[in-house]
Amino acid sequence: MNSKKIVYPYIPNSEPQVQKEMLQEIGVNSINELFSDIPEKLLLHKKMNLPKPFLSECELKRHVESILLKNSTCKENINFLGAGCWQHYVPAVVDEVIHRSEFLTAYAGEPYEDHGRFQAGFEYASMMGDMLEMDVVSIPTYDWSQAASTSLRMSCRITGRNEVIVSKIINPNRLLVIKNYCNPNVNVVMLDFDSKTGLADINDLEKKISNKTAGVYIENPSYLGSIESNGAKLSEIIHKAGALFLVGVDPSSLGVLTPPINYGADIVCGDLQPLGIHMNYGGGVAGFIATRDEKEFVSEYPSRLFGIAPTENGEWGFGDVMWERTSFANRESSKEFVGTAAALWGIAASVYLAVMGPEGMQELGKGIIQRSLYAQKEIGKIKGVKVPVFQAANYSEFVVDFNNSGKNIKEVNKALLKKGIFGGKDLSKDFPQFGQSALYCVTEIHTKEDIDKLVFALKEVF
Amino acid sequence: MYKIGLIVNPIAGMGGRVGLKGTDGRKILQKAKSLGAISFSPKRASAALKPLSIIQDNLKLITCPGDMGENEAISCGFVPDIINGIKSKETTFADTQKAARILQDRGVDLLLFAGGDGTARDIYVAIGTTLPVIGIPTGVKIHSAVFASSPSRAGELSLLYLQKKVHKLREVEVMDIDEQAFRNGIVKARLFGYLKIPYERRYIQGGKLGSSPSEEIIQKAIAEDIIESMDNDFLYIIGPGTTTRAIMQRLSLSCTLLGIDAVYKKEVIGLDLSERELLKLVNKEKAKLIITPIGGQGYIFGRGNQQLSPQVIRKVKRENIIIIATYNKIVSLKGSPLLVDTGDLSLDRELSGYVQIVTNYHERTVYRVKF
Amino acid sequence: MKTKLRNYHAVCWDEPIIYELNRNGERAILVPEVDKKITETVGDGISSIPKSMRRKNAPQLPALSQPQVLRHFLRLSQETLGMDFNIDIGQGTCTMKYSPKIHEQFASSEKVAEMHPYQDESTSQGLLEIMYKTEQLFKEISGLDRFSLHPGGGSHGIYAISSLIYAYFKSRGEEDKRDEIITTIFSHPSDAAAPKVQGYKIIIIYPDDNGCPDIEALKKVVSERTAALLITNPEDTGIYNSKIAEFAKIVHDSGGLCGYDQANANGLLGITRAKEANFDLTFFNLHKTFSSPHGCGGPASGIVGVTNKLAKFLPVPVVDYDKKNNKYFLDYDRPDSIGKVKDFYGVIPVILRAYAWIMSLGAEGLREVSNVAILNNNYIMKKLLELRGVSMAFPEHKHRIEQVRYSWEKLTKETGIDTEDIQRRIFDFGTHYWTSHEPWLIPQPFTIEPSESYSKDDIDEFVAILGQIVKEAYEEPKKLKDAPHKSSVHHIDHDVLDDPAKWAITWRAYKKKYNGYFQRK
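These numbers come from a predicted model, not from an experiment. (Residues numbered from 1 in each chain as written. Chains lettered and ligands numbered in written order. Predicted model: local features only at pLDDT ≥ 70, side-chain atom pairs only at ≥ 80, totals over all residues. Heavy atoms only, no water.)

Below, the discussion takes up the overall build of chain A. Check the secondary structure of chain A and you find 13 helices and 16 strands. Structurally, chain A occupies a C-alpha span of about 80 × 60 × 50 Å along its principal axes. Considering chain A as a whole, with its 462 residues, one finds that 68% of them fall into the buried category. Of the contacts formed within chain A by residues at least 6 apart in sequence, a portion of 71% connects residues at least 24 apart. For chain A, the accessible surface area stands at approximately 15500 Å², while carbon and sulfur atoms represent 49% of it. (Helix = DSSP H or I, 4+ residues; strand = E, 2+ residues; numbered from the N terminus. Buried < 20%, exposed > 50% of the residue type's maximum accessible area, 1.4 Å probe, protein only. Contact = heavy atoms within 4.5 Å. Areas by Shrake-Rupley, 256 points an atom, 1.4 Å probe, with all protein chains shown as cover.)

Regarding its fold elements, chain C presents 16 helices and 14 strands. Taking 24 Å as the expected radius of gyration for a compact globule of 521 residues, we find that chain C reaches 26 Å, a close match to that expectation. In terms of its C-alpha atoms, chain C occupies a principal-axis envelope of roughly 80 × 70 × 45 Å. Evaluated residue by residue, chain C yields a buried proportion of 70% over its 521 residues. Across chain C, every contact between residues at least 6 apart in sequence was considered, and the portion connecting residues at least 24 apart equals 72%. Looking at chain C as shown, the accessible area adds up to about 16600 Å², and 47% of this sits on carbon and sulfur atoms. (Rg over C-alpha atoms; globule rule 2.2 N^0.38 Å.)

Glancing now at the packing of helix H1 (residues 16–26) of chain A against helix H11 (residues 348–384) of chain C. Following both chains from N to C, one finds H1(A) and H11(C) inclined at 40°, their axes separated by 9 Å at the closest point. Between H1(A) and H11(C), the angle is such that the two are oblique. Crossing geometry of H1(A) relative to H11(C) is assigned as left-handed. Contact residues: A:Gln19, A:Met22, A:Leu23, A:Glu25 and A:Ile26 in H1(A); C:Glu368, C:Val372, C:Leu375, C:Asn376, C:Asn378, C:Tyr379, C:Lys382 and C:Lys383 in H11(C). Each residue belonging to the contact of H1(A) with H11(C) can be placed in one class, and the counts come to six nonpolar, three polar and four charged. (Axes fitted to C-alpha atoms, helices over the stretch in contact; angles between N-to-C directions. Parallel < 35°, antiparallel > 145°, perpendicular 65-115°, else oblique. Left-handed = near helix turned anticlockwise from the far one by under 90°. Nonpolar A, V, L, I, M, F, W, Y, C, P; charged D, E, K, R; others polar.)

Core analysis: the largest hydrophobic core is formed by 205 residues, its most contacted members being A:Val166, A:Tyr217, A:Ile308 and C:Leu466. Considering each element in turn, this core owes the most residues, 15 residues, to helix H11 (residues 343–380) of chain A. Grouped together as the second largest cluster of nonpolar side chains are 77 residues, B:Ile291, B:Tyr327, C:Ala194 and C:Tyr200 included. (Core = buried A, V, L, I, M, F, W, Y, C linked by side-chain atoms within 4.5 Å.)

All names here are of chain C. Spatially, S10-S11-S12 is the arrangement adopted by the three strands of the open sheet, whose pairing is antiparallel. Because the sheet does not close on itself, it has two edges, and the strands there are strand S10 (391–392) and strand S12 (445–448). Pairing of strand S11 (residues 404–407) with S12, which is carried by four bridges, proceeds in the antiparallel orientation. Bridged to Tyr406 within S12 is Phe446. (Pairing = 2+ DSSP bridges.)

Between helix H5 (residues 115–132) of chain A and helix H2 (residues 66–78) of chain C, the least distance of the axes is 7 Å, while the angle of their chain directions is 135°. In terms of orientation, H5(A) lies oblique with respect to H2(C). Residues A:Gly116, A:Arg117, A:Gln119, A:Ala120, A:Glu123 and A:Met127 of H5(A) form the contact with H2(C), whose own contacting residues are C:His72, C:Phe73 and C:Leu76. Residues that form the contact of H5(A) with H2(C) fall into these classes: four nonpolar, three polar and two charged.

This paragraph deals with the interface of chain A and chain C. With 199 residues of chain A in contact, the opposing surface of chain C contributes 208 residues. Contact with chain C buries surface across chain A, with A:Tyr10, A:Tyr112 and A:Tyr281 losing the most and accounting together for 6% of the total. Viewed at the interface, chain C and chain A are joined by 18 salt bridges. As a salt-bridge pair, A:Lys5 and C:Glu368 come within 2.6 Å of each other at their nearest N and O atoms. For the pair chain A and chain C, the interface holds 94 residue pairs in polar contact (both at pLDDT 80 or more). For the side of chain A that touches chain C, the element with the highest residue contribution is H11(A), accounting for 26 residues. Per-class residue counts for the side of chain A that touches chain C are 99 nonpolar, 54 polar and 46 charged. (Buried area = accessible area lost by both parts, 1.4 Å probe. Salt bridge = Lys/Arg side-chain N within 4 Å of Asp/Glu carboxyl O. Polar contact = N/O pair within 3.5 Å; in protein donor to acceptor, adjacent residues only side chain to side chain.)

Attention now moves to helix H12 (residues 409–418) of chain A. Residues and elements named next belong to chain A. Those residues of H12 that fall on the buried side of the exposure criterion are Ile409, Val412, Asn413 and Leu416. Summarising the axial view, the buried residues of H12 lie within an arc of 90°, below the 170-degree limit, and thus occupy one face. Away from the buried face of H12 by more than 90 degrees, exposed residues Lys410, Lys414 and Lys418 are located. Looking at the buried positions of H12, the neighbouring elements they touch are strand S14 (421–422), strand S15 (425–426), strand S16 (437–441) and helix H13 (448–461). The opening residue of H12, the one whose side-chain oxygen lies 3.2 Å from the backbone nitrogen of Lys410, is Asn408. A positive phi of about 75° marks Gly420, the residue just after H12. (Arc of directions from axis to C-beta.)

Looking now at the environment of A:Asn32. Structurally, A:Asn32 is set in the loop between H1 and helix H2 (57–68). With 54 residues separating them in the primary sequence, A:Asn32 and A:Trp86 have C-alpha atoms 51 Å apart.

With that settled, consider the packing of aromatic side chains. If you walk through the whole model with that rule in mind, you get 50 aromatic pairs over all chains. Through a chain of ring-to-ring contacts, the aromatic side chains of A:Trp316, C:Tyr19, C:Trp507, C:Tyr510, C:Tyr514, C:Tyr517 and C:Phe518 assemble into a single cluster. Over the aromatic face of A:Tyr181 sits the side chain of A:Arg153, whose NZ or CZ is 5.6 Å from the ring centroid. Its guanidinium or amino end placed over the ring of B:Phe192, B:Arg121 lies 5.7 Å from that ring's centre, counting from NZ or CZ. (Phe/Tyr/Trp six-rings, centres within 6.5 Å; stacked < 30°, edge-to-face > 60°. Lys NZ or Arg CZ within 6 Å of the ring centre and 35° of its normal.)

The end-to-end C-alpha distance of H2(C), which contains 13 residues, comes to 18 Å, matching closely the 18 Å that a straight helix rising 1.5 Å per residue would cover. The inward-facing, buried residues of H2(C) abut helix H3 (92–98), helix H4 (101–105), H5 and H11 of chain A. (Expected span 1.5 Å × (residues − 1).)

Moving on to the pairing of strand S7 (residues 189–199) of chain B. All names here are of chain B. Summarising burial for S7: nine of the 11 residues are buried, a large majority. Bridge count for strand S6 (residues 168–177) against S7 is 10 bridges, and the pairing is antiparallel. If you follow Glu173 over to S7, its bridge partner there is Tyr194.

Below, the discussion takes up a positive patch on the surface. On the surface, a cluster of positive charge is contributed by A:Lys410, A:Lys414, A:Lys418, A:Lys429 and C:Lys327. Examining the composition of the positive patch, we find that three residues originate from one element, H12(A), more than from any other. Tracing the chain through its elements places A:Lys418 in helix H12. (Patch = residues over 30% accessible without salt bridge, like charges linked within 9 Å, V, L, I, M, F, W, Y side chains within 5 Å. Lys, Arg positive; Asp, Glu negative; His and termini not counted. Charge placed at Lys NZ, Arg CZ, Asp CG, Glu CD.)

Here the focus is the pairing of strand S3 (residues 163–167) of chain A. All names here are of chain A. Along S3, five of the five residues are buried, which leaves the element largely enclosed by surrounding structure. Relative to strand S4 (residues 187–191), S3 runs parallel, the two sharing five bridges. Residue pairing across strands places Val164 opposite Val188, the latter belonging to S4. The parallel pair S3 and S4 is bridged by helix H7 (residues 172–182), and the resulting crossover is right-handed. One ladder, built from four bridges, connects S3 with strand S7 (residues 213–219); its direction is parallel. Note on S7: the bridge partner recorded for Ile165 is Val216. (Right-handed = clockwise from strand over helix to strand, strands pointing away.)

Next up on the list: unusual backbone geometry. Of all residues except glycine, most have a negative phi; of all peptide bonds, most are trans. Here the amide bond leading from A:Asn183 into A:Pro184 is cis, since omega sits at -10°, within 30 degrees of zero. Tracing the chain through its elements places A:Pro184 in the loop between H7 and S4. C:Gly298 connects to C:Pro299 through a cis peptide bond whose omega is 5°. Tracing the backbone shows C:Pro299 in the loop between strand S6 (281–285) and strand S7 (302–306). Unlike most non-glycine residues, B:Lys266 shows phi in positive territory, near 65°. Mapped onto the secondary structure, B:Lys266 falls in the loop between strand S9 (261–264) and strand S10 (267–270). Residue B:Lys266 is classed as partly exposed on the basis of its relative accessible area of 36%. The phi dihedral of C:Thr95 is positive, around 50°, even though this residue is not glycine.

Time to look at the side chain of C:Thr447. All names here are of chain C. If you trace the backbone, Thr447 turns up in strand S12. Within the local environment of Thr447, its side chain forms a polar contact with the backbone oxygen of Thr435, the two atoms lying 2.7 Å apart. Those residues in contact with Thr447 that sit more than four places away from it in its chain are Ile89, Gly90, Gln91, Gly92, Thr93, Asp236, Gln403, Val404, Arg405, Trp434, Thr435 and Ser436.

Tallying each qualifying case throughout the model produces zero disulfides over all chains. The structure places no disulfide on A:Cys269, whose sulfur is separated from the nearest cysteine sulfur, that of A:Cys182, by 12 Å. (Disulfide = S-S within 2.5 Å.)

The values are spatial; any link to function lies outside them.
Next comes the structure, spelled out in structure tokens:
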């Protein structure tokens, strides 16, 4: 049987004739001669045991789509999950721009042939800077947890200390990332929270902070949804001890919430995902870090920072900001590491902020709070269900207490699922002090009807 | 408006062409002239000025009269400022030093000088590290790293520095070779001093996507590493060099840049020690020796630290020798090994092989030492 | 066919910074209004926020209309040279290969984009299946036993590997004793930088005269303090270390582990694996060898593979398959896990693309990828070395795998033109060019990696471009010194970028320091 060599569409030189020509020009008989550096005993002499390929694009598409069809999406259901990944509306213009081949397939060129990429990056930093009211914003890192971890290590380098205090009202998965990143040189101390308000416990902070503390990290709104009201007091305590105040934020809330710099934050971090990036099953996250424009801070960023520069013809040019790292702390000589992370998501956020504009971001935040308040009110009317749980204001997320309902969260969510609703995240394992409670998230994509449907469905469960 | 100072040593290089090593001293100079040696240092100086002609309109060139700079500048189309008080003919090393001081007073951004190691020494004596300088290589004995690899490269580097495309400065050794011994085929080099030169960023440590720290930062990091692991039971002998100096600075101790100091329990117990003094110390206490390669060829023993005699080294023992160097220094070796020349061949042999050099905080580089 | 050089010119929009396009009051999108009933019930919402936390001033974002926003960003995209547009073989080590467009349909499908990571697993069986099957594919490609899909990039993968190494020795009570990691100068810089975060001391090995890491040096530094060897192979020079298995043995004999940085895997698929070289850990860049597009610098993925003895330390959750119930599930029940290095489960769209790519090629296809990557590289190597002034790093070592580091040292000596001059001139021909990681051990370097995506004609064109530039270096050097001539912008003045008083990383910072066009305030 004549088995013809396959010519692959992605591999132009898999065509046998051109291979022959090239081998001839090189002066060898076969490709095998070209990797004679690889010793015989290391060569794989069998074919890899991989599934039979789908050589035609048509069959490949059918195969992949048949698997993906097994998913049931947040479009096909009504989703009330948040907890670190949020469902917001992504304007069509955002997707249009980041699907452009130019942006999608560029990489690490210079500010000449990749000028557009640099300008888009500068505009991303600029617009984030406006949301945060800070003058220095890094290029995106992997996610919020990485941004928080790096911020904590930056605070160690800047202060020369190696203990940090981290709020307990944090996604436990985030804490795992932070703990691993701080292991073993940075000591992580946990900060209690007030179970009435769901906010950082000031007394506990005063007890635990010392002259060993490099930084104190809280999130606002907190993981369980409360908006911090003691910003100024926290800042006072933290700075008195010579430590830095680190705040993690959901940037979509900054249209209505004041940027943390206004209550004393030194380093602000968070996730870009709410700004025009699809949820992607948790694969659409991207972290940001922002500080004041002071050299003590600028010199501690592990990542590149881009600045605007003049050109000889009066155009806008860009380049690396190269500040000589003059600070040098004992144990933290390395500025962590730098690698490919999430630049395209930064461009997405940039387009999103430009599309939303100042009015859009304000309306967004306002509308989210209103819908969230409405949901809390209506759900609170259900017998056996308690909401709000905390005496504090909320942004888009809030805790619902089902302890007196007679059902546990698993059962509730199962029932809701049957009705095409994704109920709030089960908190019973991570925060056992709240028993059978769940974290619900409401955003601008929820209509009154969606919320009413949830309330109706919950009523039916009990 | 950029301001450059230019000093040309017109007699540098005259010895080499006629088989003499250098032109120090009137007698040797006369011999060179009698052998028909012609001065070609000026020609090389001109080659260095050529790359600067594109910023001519924005450049103030200040130089010495006659063949110490004026002639070369004019031949390249510059209209130089001439400084007063320097002879225009039959100039000596004193004129070089005087000129350098005047140019320093005139506030030049950069001092370009054409000559050899001798000229470099004169510049050092005059201005030390107060001005950035670049050496235009013309002399026979080019041992110092202050010289660019070619006259035109000197000009290009000057241009890059003035245009701020290159802006990091580092201190490089100025060596003093014993002329007499050299003429008899023996190399005896002494560390004379340091000059500050611009160097290109690409030749320092850093990552693909991050910005590179400077030589100074790396030296601080190395110092941190050394101090962290200092053992109070040992005497520490600190060799000459800027990288070792960083250790003393970090401990806030006075030190001699060109000499050998001793530290015990993080206090100075001796500065600029002679071989005899060192031997006395190491015979009494157990000691560790911290050294860094001196000079462009990567000698860790034998150039600039001869007080570390074979007896001293033997007493300290190989396992107590700590070599430190910035990565920049290692890269400048271009793959050639580090060298030892203690004067004792069997000791040289013992010291050769692989060593772990401290190149950053908590970082070592494995490198070969040869004799 | 004699290669004709094209008369390229980059798109040049002279586009203002978006803030300069601001027109107060303009809207690019309208936000869904809240139902009247809701406002009646709960009020304006803002009043519920504590006063000290309310935003006082509107964010100073630019206000534009929709067509204007789109036009602005599309123009910027046109001024970006994506891989799809050029013969992108000058970005050595980046593995700029073709990202099949069919994958974009998968990655942007609602079945991926509109999935929340905390959905009930019964609703995400499709993605869980993709993740599980991707792991199985990589187990076979690498020969190792278990994978984590979590890390968000190559350097992140190295960091994860450092954490795994630490956890392994901690479980044996040796974490204080084993505090050294050995790597090489030509491995990726993150092989040294990432373990430092974990607290490791780094020992760097230099190459021997043959261009391979010096095995004698390794023997001298391996000890009972060695935690691991972390090495990229082939290194960025393109040289494959034929003693790699001996390296692994030396380290194993002292009780250390071996981590294989497979950023340069494009020439090894189906030819040799981490398993055969006896390595314990490895990672792959899915946005390099496995075709996911680079996205201007991410999103990316650096999945990590380990042998069985290290599997229990992998980050949670891993994806497993319950055969009995035919269900895929997220397994969090892993008490020895290092915890997490990344939010959620990994960069899903990137992982999906890699899965599709492997499934479209199969074992034979993957082998052909590497065969042709090696063929293309050796072909261009022969042609480039015929150019005047070019030499190869470690020229005595004849063979290279999928990329080569070259040097212009000779050309620089003869013409004064250096590698950065050449870089700026090559932009005039519509392509990229990369030099090397720092420090530049190889003088005047450039690194060329012609992955399997380029045709013979493509490669010939690139060679012709460099040939033209070499000619200009010898005959018209000024053309290079003044380059680029046909880029989107002219020569950038970097002066402002080094001075804290002058630099501006955001527009708001710029406005604080300057009026108009760089007029200092």
